[in-house]
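Secondary and tertiary structure notes
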Amino acid sequence: MGFSIKENILMDKIIEQALLEDIGTGDITSESIVPFDLKAKGTIKTLEGGVIAGINIVHLVFKKLDPEIIFQEKIKDGTKVARDKVLAEITGSARTILKGERVALNFLQRMSGIATITSKFCQEIKDLPVRIVDTRKTTPGLRMLEKYAVRMGGGHNHRFGLYDAVLIKDNHITVTGGITSAVNSVRKQISHTVKIEVEIDNLSQLEKVLKTQVDIIMLDNMDLDTMREAVKMVKGKTLIEASGGITLDKVRKIAQTGVDLISVGALTHSVKSLDISMEII
C-alpha cells in the first residue's frame, strides 16, 4: 500500500481499536450459534459502481482476527468498478468472517466513497493543469486512511497535520498583528525545508503577502472574478490554491481561473460511503 513503517504501526492500532469497539469481549451471537470448527467463504462485492480503496485494510482486519484466514483480492485499490463486481474472497473460520465483516466493510465502504468522489472531481478538471487536494477535515483517528483513499481516487494530499507544513490562516494573522509579522515570525522558527502557505480573502491582503515571498497563497472563498484577478497579480511567482465551499458543479470554473491547486474539504468531511456487501456461504 505504500505506507511507511510508522504508518503501518498506526494502521495496526486503528484496526485494533475498531475491532475492540465492535467485538468487545466477544461476538455473543456468532459464538452462540456457529460451531467452533465450521468453515465458510465470504464474497465481498459492490452494490453500486465506484472507485475502490481499502482492499488491503480488509485483509489486515481478518488477519488480525485469525492469521490462518485465506484472503484473495480480486482487484487493486484505485480500480474503477461497476455494480456487482467481486472485490475479494475470504475463506476460513465462519466465526472469524462474521466477527470481522462489519469492521472490514466500514473501512472499505468509507475509503471507497472517498476515492469515488475524489475521482469525480479529478475527472472534471483532467485536461487542466491543476491538482485536486484534500484537507485536514477528516474523521478523527482515520486521517491516514482517508488521505490514502484520496490518492487512490486520483487526488493529492495537502499537509497531514500541523507538524509538516506552515499554513498561516486568518486567526493567526489576527493574533499576530498582520500578514508580514506572522510570516517573519514563523520564518525565524522553521527550517528552510518547510514550506509556508498564507490564507487570504481579498486582493489587498494579496498585495501584502506577495511582498513576503511565501511558497503558496490560499484564496479563501473568493468569487471567480476576484480569483482571476489574483492569478494575474501573482503572475507565476508562487503557487495559488483555491479553497472554500468547492463543489463538483463549480470546480471546473475555478480551475479555469488559472489556480494551481484546489482544496476540497468535501472529499472527506461529508462523503457518502460506497455501497458494498459481503455474502457468506
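All of the points below concern the structure found in this document.

Thresholds, definitions, all that
- Residues numbered from 1 in each chain as written.
- Predicted model: local features only at pLDDT ≥ 70, side-chain atom pairs only at ≥ 80, totals over all residues.
- Heavy atoms only, no water.
- Helix = DSSP H or I, 4+ residues; strand = E, 2+ residues; numbered from the N terminus.
- Buried < 20%, exposed > 50% of the residue type's maximum accessible area, 1.4 Å probe, protein only.
- Contact = heavy atoms within 4.5 Å.
- Areas by Shrake-Rupley, 256 points an atom, 1.4 Å probe, with all protein chains shown as cover.
- Lys, Arg positive; Asp, Glu negative; His and termini not counted.
- Charge placed at Lys NZ, Arg CZ, Asp CG, Glu CD.
- Axes fitted to C-alpha atoms, helices over the stretch in contact; angles between N-to-C directions.
- Parallel < 35°, antiparallel > 145°, perpendicular 65-115°, else oblique.
- Left-handed = near helix turned anticlockwise from the far one by under 90°.
- Nonpolar A, V, L, I, M, F, W, Y, C, P; charged D, E, K, R; others polar.
- Core = buried A, V, L, I, M, F, W, Y, C linked by side-chain atoms within 4.5 Å.
- Salt bridge = Lys/Arg side-chain N within 4 Å of Asp/Glu carboxyl O.
- Phe/Tyr/Trp six-rings, centres within 6.5 Å; stacked < 30°, edge-to-face > 60°.
- Lys NZ or Arg CZ within 6 Å of the ring centre and 35° of its normal.
- Pairing = 2+ DSSP bridges.

Once that is clear, we can look at the overall build of the chain. Helices and strands together make up the secondary structure of the chain, namely 11 helices and 12 strands. C-alpha atoms of the chain, sized along the principal axes, occupy 70 × 40 × 25 Å. Scored against the burial criterion, the 281 residues of the chain give a buried share of 47%. By sequence separation, contacts in the chain at least 24 residues apart represent 70% of the contacts at least 6 residues apart. As displayed, the chain has an accessible area near 14,500 Å², and 52% of this comes from carbon and sulfur atoms. Computed over 39 positive and 36 negative side-chain charges, the separation of the two mean positions in the chain equals 4 Å.

Glancing now at the packing of helix α4 (residues 94–124) against helix α5 (residues 143–152). Orientation of α4 relative to α5, taken along the N-to-C sense of each, is 45°, at an axis distance of 7 Å. Between α4 and α5, the angle is such that the two are oblique. The way α4 lies across α5 gives a crossing that is right-handed. The residues of α5 that touch α4, namely those facing Phe107, Arg110, Met111, Ile114, Ala115 and Thr118, are Leu145, Glu146, Tyr148, Ala149, Val150 and Met152. Here the contact of α4 with α5 is composed, by residue class, of nine nonpolar, one polar and two charged.

Once that is clear, we can look at unusual backbone geometry. Within the chain, Asp84 stands out as a residue other than glycine whose phi angle is a positive 70°. Mapped onto the elements of the fold, Asp84 is located in the loop between β4 (80–81) and β5 (86–93). You can call Asp84 partly exposed: its relative accessible area is 44%. Positive phi, normally seen in glycine, also occurs at Asn221, with a value near 55°.

Core analysis: the biggest nonpolar cluster contains 80 residues, and Val198, Val259 and Ile262 have the highest contact counts within it. Ranked by residue count, the leading element in this core is α4, at 12 residues. When neighbours within four sequence positions are excluded, Ile262 is seen to be in contact with Val130, Arg131, Ile132, Val133, Ala242, Ile246, Val251, Ile254 and Ala255.

Taken as a whole, this structure holds 14 salt bridges when the rule is applied. Across the pair Lys74 and Glu89 runs a salt bridge, and its minimum N-O distance is 3.9 Å. In this pair, Lys74 is assigned in the loop between β3 (70–73) and β4 and Glu89 in strand β5, connecting sequence segments 15 residues apart. The class of Glu89 is buried, set by a relative accessible area of 14%. Among the charged side chains, a network of salt bridges with common partners joins Asp12, Glu16 and Lys64.

Ring pairs (aromatic) are described by centroid distance and by the angle formed between their planes. In total, this model carries zero aromatic pairs according to the counting rule given. Above the plane of the ring of Phe160 lies Lys147, whose end atom (NZ or CZ) is 5.2 Å from the centre.

This paragraph deals with the sheet that holds strand β7 (residues 166–168). Here six strands make up an open sheet; going across it, the order is β6-β11-β10-β9-β8-β7 and the pairing parallel. Edge positions in the sheet fall to β6 (131–133) and β7, since each has one partner strand and no second. This sheet shows a mean twist of 25° between the axes of neighbouring strands, independent of strand direction. Examined bridge by bridge, strand β9 (residues 216–220) and strand β10 (residues 239–243) share five bridges and lie parallel to one another. The residue of β10 that forms the bridge with Ile216 is Leu239. Packed onto the sheet, helix α7 (residues 179–189) meets β7 and β8 (196–200) and runs at close to 160° relative to β8.

Read these as layout, nothing more, since geometry by itself doesn't imply function.
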